[in-house]
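# Structural features, examined
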Amino acid sequence: MSNSPDQKSNEENAPLTRRTFILAGAGVAAGACYAAAMGYPVYRYLADPSERAQSAVAVKEVFLKDADKLPVGTAMMFKFGVKPALLIRHAENEWTALTAVCTHLACTVQYDQNKKHIFCACHGGVYDAKTGANVSGPPPKPLAKFQVAPAQGGLTISLT
Ligand code: FES
């Protein structure tokens, strides 16, 4: 049995039922969730380079109050702009300041006081604690080094 043209026209023009309204609303909500789930990582990917560029331009020097009191053979973490950095005191007047962002996949590195080297826990990368040179593991290049200068009440860390 086939529909007459009048019956078909009536079905197409039928008022929105509660069921079709709810199904349409659920479809729109699911689509919005899907778009948000897909869009947020893209937003983060696109936003990060500008944040990095801003921090690189804005910060050329930081002052670390009381950092000159750091015990010999120890290290401390600090922020250089928005990035983590590492200050190591090797001897009374021997300091190294390096970025603490691994050159492999950007994990934060740490100073190993016992082995006197810098390591990355993510994939086992190892760096020289005095030069920042990549010694072993996957890191492809050295850690960026900063200049360290004594200042009144602390240390000044600046770009080289
Ligand atoms: S992120 Fe540091 S070794 Fe992979």
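Everything below is about the structure shown above.
Please read all numbers here as calculations on a predicted model, not as lab measurements.

Definitions and limits used
Residues numbered from 1 in each chain as written. Predicted model: local features only at pLDDT ≥ 70, side-chain atom pairs only at ≥ 80, totals over all residues. Buried ≥ 20, exposed ≤ 12 C-beta atoms within 10 Å, placed from the backbone. Helix = DSSP H or I, 4+ residues; strand = E, 2+ residues; numbered from the N terminus. Pairing = 2+ DSSP bridges. Axes fitted to C-alpha atoms, helices over the stretch in contact; angles between N-to-C directions. Core = buried A, V, L, I, M, F, W, Y, C linked by C-beta atoms within 7 Å. Contact = placed C-beta atoms within 7 Å.

What follows deals with unusual backbone geometry. The backbone phi angle of Ala106 is positive, close to 70 degrees, even though this residue is not glycine. In this structure Ala106 comes out as exposed when scored by C-beta crowding, with 10 C-beta atoms within 10 Å. Phi is positive for Lys116, which is not a glycine, with a value near 55 degrees. Along the polypeptide, Lys116 turns up in the loop between strand E5 (110–112) and strand E6 (117–120).

What follows concerns the sheet that holds E5. Strand pairs in the sheet, formed through backbone hydrogen bonds, run parallel or antiparallel to each other. Spatially, the four strands line up as an open sheet ordered E5-E6-E7-E8, and their pairing is antiparallel. What marks the edges here is a single partner per strand, and that holds for E5 and strand E8 (134–136). Recorded for the sheet is a direction-independent mean angle of 40 degrees between the axes of neighbouring strands. The sheet contact formed by strand E7 (residues 125–128) and E8 spans two bridges and is antiparallel. Note on E8: the bridge partner recorded for Tyr127 is Asn134.

Judged by nonpolar contacts, the single largest core of 24 residues is most densely connected at Leu86, Leu87, Ala97 and Ile157. Secondary structure elements with two or more residues in this core: strand E2 (75–80), strand E3 (83–91), strand E4 (94–99), E6, strand E9 (145–151) and strand E10 (154–159). Take this core: its biggest share by element is four residues, from E3. Sequence-distant contacts of Leu86, defined by excluding residues within four places in its chain, comprise Ala75, Met77, Ala97, Leu98, Ala100, Val109, Tyr111 and Ile118.

On to the sheet that holds E2. Pairing in this open sheet of six strands is antiparallel, and the strands run E1-E10-E9-E4-E3-E2 from one edge to the other. With one partner strand each, in any of the chains shown, strand E1 (61–65) and E2 form the two edges of the open sheet. Averaged over neighbouring strand pairs, the angle between their axes works out to 30 degrees when direction is ignored. Across six bridges, E2 lies against E3 in antiparallel orientation.

On to the environment of Lys145, then. Relative to the helices and strands, Lys145 is located in strand E9. In this structure the C-alpha to C-alpha distance between Lys145 and Leu98, which are 47 residues apart in sequence, comes to 4.4 Å. The contacts of Lys145, once residues within four sequence positions are left out, are Leu98, Gly132 and Thr160.

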